[in-house]
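What the coordinates show
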Amino acid sequence: VEDRAGRLWTIPPRHLDGVNSTDRPFQLLTADQLGNTLVSEARSAGIDAEFSVHETDHYVIAASTPLVYSEWTGQLLERMQIAFRSYWKNRHFELHSAPASLPVLILSDQTQFAKMAEFDRTPASAQGQGYFLVTANRVVLFDLTAQDGLVPATNIAEIQRRVQQTPASVATVVHEAVHQIAFNRGMHRRYADNPLWLTEGMAMYFEAPDLQSRRGWSTIGRVNPGRLSRFRDFLKSVRKATSIETLVQDNSRFADPEQAIDAYAEAWALTYFLIRTQARKYVDYLKTVAQKQPLVWDTPAERLAEFQAAFGSDVAELDRDFLNFTDRLK
């Protein structure tokens, strides 16, 4: 069940007392109402701070940071919207408009951020720089310029200077923003069987931030040195010949703490390979996954068959091409 804030609620049949129809059309919250909801949720998480709320073309942003940081983040997110849409339009995947403004919550420091992650029942997220909560459809971030005891930046130039020193942190912002865009503009569907190798690989493909340009986004698809290095270490150690099959068949490798970091690295590498060498097939596969219905789960065999229908039945041959391609990357 979706509420007016865009949150999805899971209601088991045994808890359903009844269903009543109404002639009143369903409407999502207005931007003002959504901003108030974001602040209310932060208060419920135990965050006692002053919040400001502002709206951009595609976002409602509630923040306990200085307004200038919230505005800088909004500008970054808006540039990401334009870049993401243009990239896929040029590859014949037309995104639709989001049904409403997208919610973003920015907290002043990691302590507040950890409280919110605990409230959202995703405590492991507190170790990162941001997360996209698929149930609530919102991105949660914190002020990257206020780390290591520094006072928050008070102007755009200072924010730019500080974040350029921690590009990996900004990459997390972009990564989570890509998830939110993809789940709201027709590429993925919440609560459908979206393969994690696809959704995470997509976010990692885009995650290199473009902090210099205000008019474009020139870093899409840049080789990710950290992911590539990890994938090559994986190749030298425990990677098996059936690694592509196990990656696409289900999400178990991502859920295993001992395998997750290698699964993410391989998801990035496979995504990079497919987009760069088989872009049309990759887009067709994206369109197939986009049509999946919520709460319908594929079997591992169905997942693999769908992948083979898109990229060829001979996965061993694909794997050879994949490894030859990644071996040449720099």
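As the structure is a computational prediction, the values presented were derived from the model and not from experiment.

Parameters and conventions
Residues numbered from 1 in each chain as written. Predicted model: local features only at pLDDT ≥ 70, side-chain atom pairs only at ≥ 80, totals over all residues. Heavy atoms only, no water. Helix = DSSP H or I, 4+ residues; strand = E, 2+ residues; numbered from the N terminus. Buried < 20%, exposed > 50% of the residue type's maximum accessible area, 1.4 Å probe, protein only. Contact = heavy atoms within 4.5 Å. Areas by Shrake-Rupley, 256 points an atom, 1.4 Å probe, with all protein chains shown as cover. Lys, Arg positive; Asp, Glu negative; His and termini not counted. Charge placed at Lys NZ, Arg CZ, Asp CG, Glu CD. 1 Å grid on protein atoms, 1.4 Å probe; cavity = no way out; pocket = protein on both sides within 12 Å on 5 of 7 lines; lining within 4 Å. Points joined across faces, edges and corners; volume = space filled by probe spheres on them. Nonpolar A, V, L, I, M, F, W, Y, C, P; charged D, E, K, R; others polar. Pairing = 2+ DSSP bridges. Axes fitted to C-alpha atoms, helices over the stretch in contact; angles between N-to-C directions. Core = buried A, V, L, I, M, F, W, Y, C linked by side-chain atoms within 4.5 Å. Polar contact = N/O pair within 3.5 Å; in protein donor to acceptor, adjacent residues only side chain to side chain. pLDDT = per-residue confidence, 0-100. Patch = residues over 30% accessible without salt bridge, like charges linked within 9 Å, V, L, I, M, F, W, Y side chains within 5 Å. Salt bridge = Lys/Arg side-chain N within 4 Å of Asp/Glu carboxyl O.

Looking now at the overall build of the protein. Along its length, the protein carries 13 helices and five strands. The C-alpha extent of the protein, read off along each of the three principal axes, is 55 × 55 × 40 Å. Per-residue burial over the protein gives 52% buried out of 330 residues. Of the contacts made within the protein by residues no fewer than 6 positions apart, 69% connect residues no fewer than 24 positions apart. For the protein, the exposed area adds up to about 16,500 Å²; of that, 50% sits on carbon and sulfur atoms. In the protein, which carries 36 positive and 40 negative side-chain charges, the distance between the mean positions of the two groups comes to 5 Å.

We now examine the layout of surface pockets. Estimated volume of the largest pocket: approximately 1,100 Å³. Taken together, 34 residues form the lining of the largest pocket, with H175, E176, H179, E200 and Y264 sitting closest to its centre. Breaking the lining of the largest pocket down by element, the ones donating at least two residues are β4 (130-133), α5 (167-184), α6 (196-206) and α10 (260-277). Looking at which element gives the most residues to the lining of the largest pocket, the answer is α5, with seven residues. For the lining of the largest pocket, the residue count by class is 15 nonpolar, 13 polar and six charged.

The next subject is empty space enclosed by the protein. Here the structure, examined in full by the defined rule, presents one cavity of 30 Å³ or more. By volume, the largest cavity is sized at about 60 Å³. In terms of lining, the largest cavity is formed by A5, R7, L34, T37, L38, E41, P103, A136 and R138. By residue number, the principal contributor to the lining of the largest cavity is helix α1 (residues 31-44), which donates four residues.

An order of β1-β2-β3-β5-β4 is seen for the five strands of this open sheet, with the pairing classed as mixed. Every other strand in the sheet has two partners, leaving β1 (52-55) and β4 as the edge strands with one partner each. Strand-to-strand, the axes of this sheet are offset by a mean angle of 15°, without reference to chain direction. Two elements, β4 and strand β5 (residues 138-142), share four bridges in a ladder whose sense is antiparallel. Pairing of Y131 across the sheet is with V140, part of β5. Contacts from α1 reach β1, β2 (59-63), β3 (102-107) and β5, with the element oriented near 35° to β2. In the packing of helix α2 (residues 67-89) onto the sheet, the strands contacted are β1, β2, β3 and β5, and the crossing angle to β2 comes to about 155°.

As a further point, take the nonpolar core. Core analysis: the biggest nonpolar cluster contains 99 residues, and F84, W88, W197, F206, L270 and Y282 have the highest contact counts within it. The residues touching F206, leaving out its near neighbours within four places in the chain, are M80, F84, Y87, W88, V174, V178, W217 and I220.

The next point concerns the side chain of D193. In this structure, D193 sits in the loop between α5 and α6. A relative accessible area of 6% means that D193 is categorised as buried. In this structure the side chain of D193 is engaged in a polar contact, spanning 2.9 Å, whose partner is the side chain of R303. Discounting chain neighbours no more than four positions away, the residues touching D193 are K292, V296, W297, D298 and R303.

Per-residue confidence for the protein gives a mean pLDDT of 93, with 98% of residues at or over 70. Mean pLDDT across the secondary structure elements of the protein bottoms out at helix α4 (residues 156-163), with 85, and peaks at β2, with 98.

With that out of the way, let us pick up the environment of E50. Looking at the element boundaries, E50 is found in the loop between α1 and β1. Since its relative accessible area comes to 70%, E50 is described here as exposed. A C-alpha to C-alpha distance of 40 Å links E50 and E258, two positions 208 residues apart in sequence. Apart from residues lying up to four places away in sequence, E50 is in contact with A63 and S64.

A contiguous nonpolar surface patch, about 540 Å² in accessible area, is contributed by V1, W9, I11, L16 and V19. Looking at the element boundaries, W9 is found in the segment before α1. By relative accessible area, W9 is classed as partly exposed at 47%.

Burial analysis of β2 places five of its five residues in the buried class, which makes it a mostly covered element. Because side chains alternate across β2, one face comprises the buried residues Y59, I61 and A63, and the other comprises V60 and A62, equally buried. One ladder, built from four bridges, connects β1 with β2; its direction is antiparallel. Within β2, the position partnered with E55 by the bridge is V60. Adjacent in sequence and paired antiparallel, β1 and β2 are bridged by three residues. Direction of pairing for β2 relative to β3: parallel, over a ladder of five bridges. Paired with Y59 across the bridge in β3 is L102.

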